[in-house]
Amino acid sequence: MSEETPRIVVTVAAPAEAVWDALRNKDKIRHWHGWEYEGTQGGLEEEIDLIYFTKVDDSQVGTLILGDGDRFVVEPAEGGSRITLTRSPRGANPDWEAYYDDITEGWTTFLNQLKFALEQHPDDERRTLFYVGTGAASLTGELGVDIRPAGTSYELELIGEAVKGEVLYTSEHQVGLTVDAWGNGLLVLSYIPPGELKPDGSAMAILSLYGDVDRDALDARWKNWWETHYVPASLPGT
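Just so we're clear, the structure is a prediction, and the values are computed from it rather than from any experiment.

Draft legend 1. Just the overall build of the chain, in detail. Each helix and strand counted, the chain has 6 helices and 13 strands in total. Rg of the C-alpha trace for the chain: 17 Å, near the compact-globule value of 18 Å for 238 residues, within the 12% margin. On the principal axes, the C-alpha backbone points of the chain span a range of 50 × 40 × 35 Å. A fraction of 59% describes how many contacts in the chain between residues 6 or more apart in sequence connect residues 24 or more apart. Accessible surface for the chain amounts to roughly 11800 Å². Of this, 48% is attributable to carbon and sulfur atoms. Positive and negative side-chain charges in the chain, numbering 19 and 41 respectively, have mean positions lying 3 Å apart.

Written as structure tokens, this is what we have:
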């Protein structure tokens, strides 16, 4: 295995059987994978079908190999289970090679959304909001979010709304925060500063909402804020 092949490891406070079901049950996958959208090549439903049910190998319970070679292994661990994603080697899918690092970042987000869904909303449907754009300013800095260790409590004023919760996870480019005001929802923030791969910088936010949260009002506030801080962009196929 190449040293450049990324591995993402996430622990989940749920039995390995539940994590495996969350990877193979389409209704459960909707609870954590990606975000709601309709694009030029379909939407979330089509994306789930393509990734998880097209040319995959799940013949061995606990191991899922996707059509592009990405491999998931689910196994028991102390306190629940562990899911390990090993990316396919660079160059394995020439059509998506330019987005290899973006896809790795996406899997970091999605596996932590899986963790959150199983631990805190195992049977709940979610609604989502998604924003992406370019800009030189740090997303967490612009929002006034302090990066703290996972499990740390926080309170802040977030785009005109008083919120509190705790840090679910952090990575090199991401932070995930639970948000009490969104029905115990989740906010994932991702920011890659300007550099060789992202000359203009790249910012992304995914909001997962539960219960009777006013999605339209929240979207209006976030969209207005986003368009005054970043240049809105889109992702391939959306």
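Draft legend 2. Region of the structure containing the side chain of Ser190. Locating Ser190 in the fold gives a position in strand β11 (residues 185–192). Judged by its relative accessible area of 8%, Ser190 falls in the buried class. In this structure, Ser190 is in contact with Glu105, Leu139, His173, Gln174, Ser202, Ala203 and Met204, ignoring residues within four places of it in sequence.

Draft legend 3. Inspection of the nonpolar core at higher detail. With 37 residues, the main nonpolar core has Leu23, Trp32, Tyr52, Phe72 and Ile83 as its most contacted residues. Sorting elements by how many residues they give to this core places helix α4 (residues 100–120) first, with 7 residues. When residues no more than four places from it in sequence are discounted, the contact partners of Ile83 are Ile8, Val9, Val10, Val12, Val19, Leu23, Phe72, Val73, Val74 and Leu111. Leu158, Ala203, Leu209 and Trp226 belong to the second-largest nonpolar core, a separate cluster that totals 28 residues.

Draft legend 4. Quick peek at the environment of Pro122. Among the secondary structure elements, Pro122 is positioned in the loop between α4 and β7 (127–134). Taking the C-alpha atoms as reference points, Pro122 and Lys28, 94 residues apart in sequence, are found 8.4 Å from one another. Contact partners of Pro122, with chain neighbours within four places excluded, come to Lys28, His31 and Ala117.

Draft legend 5. Expanded view of α4. Taking 1.5 Å of rise per residue, 21 residues should cover 30 Å, and α4 covers 30 Å from first to last C-alpha, within 8% of that figure. By the criterion of burial, α4 is predominantly enclosed, with 16 of the 21 residues buried.

Draft legend 6. Spatial organisation of the sheet that holds strand β6 (residues 80–86). With antiparallel pairing, the 4 strands of this open sheet are ordered in space as β1-β6-β5-β4. A single partner strand is all that each edge strand has here, and the edge strands are β1 (7–12) and β4 (63–65). Pairwise comparison of adjacent strand axes, ignoring direction, gives a mean angle of 15° for this sheet. Of the strand pairs in this sheet, strand β5 (residues 71–77) and β6 are connected by 7 bridges, and their pairing is antiparallel. When the sheet's bridge partners are listed, Phe72 is paired in β6 with Leu85. Helix-sheet contacts for helix α1 (residues 16–24) involve β1, β4, β5 and β6, and the interaxial angle to β5 is about 160°.

Parameters and conventions
Residues numbered from 1 in each chain as written. Predicted model: local features only at pLDDT ≥ 70, side-chain atom pairs only at ≥ 80, totals over all residues. Heavy atoms only, no water. Helix = DSSP H or I, 4+ residues; strand = E, 2+ residues; numbered from the N terminus. Rg over C-alpha atoms; globule rule 2.2 N^0.38 Å. Contact = heavy atoms within 4.5 Å. Areas by Shrake-Rupley, 256 points an atom, 1.4 Å probe, with all protein chains shown as cover. Lys, Arg positive; Asp, Glu negative; His and termini not counted. Charge placed at Lys NZ, Arg CZ, Asp CG, Glu CD. Buried < 20%, exposed > 50% of the residue type's maximum accessible area, 1.4 Å probe, protein only. Core = buried A, V, L, I, M, F, W, Y, C linked by side-chain atoms within 4.5 Å. Expected span 1.5 Å × (residues − 1). Pairing = 2+ DSSP bridges. Axes fitted to C-alpha atoms, helices over the stretch in contact; angles between N-to-C directions.

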